[in-house]
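# Analysis of the macromolecular model
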Amino acid sequence: MSTQLSNRCRTSLYRMIFGKPNGNEERIVFLMAGSREAASRRATSVLAALFDIEPPEVYLYNLASFGDLVDSGVSDDEDLRIFELGWKGPMVSVWAEHPLFLTDDSSLLGKWAELYADLAGATAVEAIRRARS
């Protein structure tokens, strides 16, 4: 059974990349907000508190709405497009790993769990195929 994202996700979800200036670590962040500006403000305040850094040290980029992500993605399941980060032609080559979900929307968490179950299954099938070769 395929999880459907909630109407709240379709109208209020934003995804961005968070990087701390003192390191190479980047995190994908999902949150709900009424506008791009509100998403940026909310993410800055929450991430500053979460990582114990000053708000000016919170570096956010690639802020995208649900609609932006659907428009730029390639997956047949449009809801999965929010987790796409890289492509090789018509195929997804990089998926969001270990994102921060700054929301309690169960449909979003369910969709991510569904994606990672599918990816784990594909990895297992490939490992078995290689072992038999």
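Overview of the structure.

Rules used in this analysis
Residues numbered from 1 in each chain as written. Predicted model: local features only at pLDDT ≥ 70, side-chain atom pairs only at ≥ 80, totals over all residues. Heavy atoms only, no water. Helix = DSSP H or I, 4+ residues; strand = E, 2+ residues; numbered from the N terminus. Buried < 20%, exposed > 50% of the residue type's maximum accessible area, 1.4 Å probe, protein only. Contact = heavy atoms within 4.5 Å. Salt bridge = Lys/Arg side-chain N within 4 Å of Asp/Glu carboxyl O. Core = buried A, V, L, I, M, F, W, Y, C linked by side-chain atoms within 4.5 Å. Polar contact = N/O pair within 3.5 Å; in protein donor to acceptor, adjacent residues only side chain to side chain. Phe/Tyr/Trp six-rings, centres within 6.5 Å; stacked < 30°, edge-to-face > 60°.

What follows deals with the environment of Leu102. Its place among the elements puts Leu102 in strand β6 (residues 100–102). Under the relative-accessibility criterion, Leu102 is labelled partly exposed at 24%. Put simply, Leu102 and Ile82 are 20 residues apart on the chain and 15 Å apart in space, counted from C-alpha to C-alpha. Apart from the residues within four sequence positions on either side, Leu102 is in contact with Val29, Phe30, Leu31, Val46 and Leu47.

Scanning all chains against the criterion turns up nine salt bridges. The partner of Asp105 in a salt bridge is Arg8, with the nearest N and O atoms 4.0 Å apart. Here Asp105, found in the loop between β6 and α4 (106–132), pairs with Arg8, found in helix α1 (residues 7–12); they are 97 residues apart in sequence, far enough to count as distant. Among the residues examined, Arg8 registers a relative accessible area of 40% and is labelled partly exposed. Overlapping salt bridges bring together Arg8, Asp104 and Asp105 as one network.

Attention now goes to the nonpolar core. With 19 residues, the main nonpolar core has Leu13, Phe30, Ile82, Phe83 and Leu108 as its most contacted residues. Elements that contribute at least two residues to this core include exactly β1 (13–19), β2 (26–32), α3 (66–72) and α4. Apart from the residues within four sequence positions on either side, Phe83 is in contact with Arg15, Phe30, Val94, Trp95, Ala96, Phe101, Leu108, Lys111, Trp112 and Leu115. Listed in part, the 14 residues of the second largest apolar core include Leu31, Ala39, Leu47 and Ile53.

Relative to the helices and strands, Lys111 is located in helix α4. For Lys111, the side chain forms a polar contact with the side chain of Asp77, separated by 2.5 Å. Leaving out residues up to four positions away in the same chain, Lys111 has contacts with Ser2, Thr3, Leu5, Asp77, Asp79, Leu80 and Phe83.

The backbone of Asp52 shows a phi angle near 55°, a positive value even though the residue is not glycine. Positionally, Asp52 belongs in the loop between α2 (36–50) and β3 (59–65). Residue classification places Asp52 among the exposed positions, given a relative accessible area of 72%. Backbone geometry at His98 places phi at a positive 50°, although glycine is not the residue there. Structurally, His98 is set in the loop between β5 (91–95) and β6.

Counting across every chain of the model gives six aromatic pairs. For the pair Phe18 and Phe51, a centre-to-centre distance of 5.1 Å together with 40° between the ring planes defines the contact as tilted. Here the residue Phe18 occupies a position in strand β1, and Phe51 occupies one in the loop between α2 and β3, the gap between them amounting to 33 residues. The interplanar angle of 70° and the centroid separation of 5.8 Å between the aromatic rings of Phe101 and Trp112 together place this pair among those described as edge-to-face. A residue pair is termed long-range when its members are at least 10 positions apart, and Phe101 in strand β6 and Trp112 in helix α4 qualify at eleven residues. Under the relative-accessibility criterion, Trp112 is labelled partly exposed at 22%. By way of ring pairs, the aromatic residues Phe30, Phe83, Phe101, Trp112 and Tyr116 are connected into one cluster.

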